[in-house]
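The chain contents come next:
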Protein chains: 2
Amino acid sequence: MIKEISTRKSTRKYNSTPVEDEKIIQLIESARLAPSGSNTQPWNFIIVRSEDTKAKIAEINNNQKWMKGAPVFVVCVADIRCRIKENRDIYLDENTGLPELKQIIRDTAIAVEHILLETESIGLAGCWTAWFSQDSIRPIMNIPDDKYVVGVITIGYSDASGNGNPTSRRSLESMLRYEKW
Amino acid sequence: MIKEISTRKSTRKYNSTPVEDEKIIQLIESARLAPSGSNTQPWNFIIVRSEDTKAKIAEINNNQKWMKGAPVFVVCVADIRCRIKENRDIYLDENTGLPELKQIIRDTAIAVEHILLETESIGLAGCWTAWFSQDSIRPIMNIPDDKYVVGVITIGYSDASGNGNPTSRRSLESMLRYEKW
């Protein structure tokens, strides 16, 4: 088993050690190498260190105050323009039914999970968050209407005292079938 | 960098070596450990070795004949019932606008990418495919209308002679922003 798959854990308490710029670059590089449908690579990443912006994002993210303890947020943005080439207005939110939105969410999630696994590889820790609406996060970051924020990842060094046991999982048998549903 | 992130490559040519059952279990175990929103774990996996079923899936998957050379397919199915608890009829397809469908696609994609990375770790190779419609794949596998097939992963041992160079990627600078879009 890849070590990072078995040891990764969503981490919500960080110590105050700053995160080096070059480590952030390495995380994005791990995402860059991800596969995507027709190699469309819909992902974009906004690195946020501003305390003010982090506070605003935490607030509209179901007011998850623990987030503010993370020194870096990575805002992960999928761009549908890699799939819809005509120059027409597109507005994306949680209720959009466009097939292409499903494709770019899938592909961006793949790349973002590379980031989460890579944090574990270089001694960092992180957590996926997505408890916000597109309408609430877009103005904070100046994100256009035709992009979709798939998640905000908190990044930092884990505070070993504050992170509990691994989360429980369904049994392997419950998720495994053979030949047919 | 996690070795498997940098060396993984979508593989479309396989040799005839069969894939051991215990390696398939290890792949599913790597998916089982994935994170998901509110720990909903929407993923399910159908292991397909039947030549007849593989041929049918390849046919409705844009008739990608290379797929039939893979000894195993993993059909990756997201279940929306982890998020919608009321007992009402739900029909999911590419045009469905439900917010919960976006969430289960995201979470299942995360788990499926664990499988792809883990193939590389244990000497296997694989490829994401998703060039089918829900309506075309569902009857082949007896998959209910309230499930969504996020992808079909081909699994096998790579035929070294038949797989080319790594696919090109956007530059890191093109996908990286600071503080704002």
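Below or above, wherever it landed, is the structure these notes cover. (Residues numbered from 1 in each chain as written. Chains lettered and ligands numbered in written order. Predicted model: local features only at pLDDT ≥ 70, side-chain atom pairs only at ≥ 80, totals over all residues. Heavy atoms only, no water.)

### Observations concerning the pairing of strand β2 (residues 72-79) of chain A
All names here are of chain A.
Piece 1. Of all eight residues that make up β2, eight are buried, and the element is covered over most of its length.
Piece 2. What you see with β2 is no split at all: Val72, Val74, Cys76 and Ala78 on one side and Phe73, Val75, Val77 and Asp79 on the other are buried throughout.
Piece 3. Sheet topology note: the β2/strand β4 (residues 147-156) ladder contains eight bridges and is antiparallel. Paired with Val75 across the strands is Val152, a residue of β4. (Buried < 20%, exposed > 50% of the residue type's maximum accessible area, 1.4 Å probe, protein only. Helix = DSSP H or I, 4+ residues; strand = E, 2+ residues; numbered from the N terminus. Pairing = 2+ DSSP bridges.)

### A word on the relation of the copies chain B and chain A
Piece 1. The operation relating chain B to chain A is a screw motion whose rotation component is 180°, with 0.0 Å of axial translation and a residual RMSD of 0.0 Å. Both chain copies can therefore be described as sitting about a two-fold axis. Closest approach to the rotation axis among the C-alpha atoms of chain B is made by Gly97 of chain B, whose C-alpha sits 1.9 Å away.
Piece 2. By residue overlap, the copies meet face to face through one surface: 100% of the interface positions of chain B are interface positions in chain A. (Least-squares fit on C-alpha atoms with pLDDT ≥ 70 in both. Contact = heavy atoms within 4.5 Å.)

### Observations concerning the interface of chain B and chain A
Piece 1. The partner chain A presents 71 residues to the 71 residues of chain B that form the contact.
Piece 2. Summing both partners gives a buried area of about 6,300 Å² for chain B against chain A, and 61% of it is carried by carbon and sulfur.
Piece 3. Run the count over chain B and chain A and you get zero salt bridges.
Piece 4. Applying the counting criterion to the chain B and chain A interface returns 44 residue pairs in polar contact (both at pLDDT 80 or more).
Piece 5. Ranked by the residues each element gives to the side of chain B that touches chain A, the list is headed by helix α4 (residues 99-121) of chain B, at 12 residues.
Piece 6. Each residue belonging to the side of chain B that touches chain A can be placed in one class, and the counts come to 35 nonpolar, 19 polar and 17 charged. (Buried area = accessible area lost by both parts, 1.4 Å probe. Salt bridge = Lys/Arg side-chain N within 4 Å of Asp/Glu carboxyl O. Polar contact = N/O pair within 3.5 Å; in protein donor to acceptor, adjacent residues only side chain to side chain. Nonpolar A, V, L, I, M, F, W, Y, C, P; charged D, E, K, R; others polar.)

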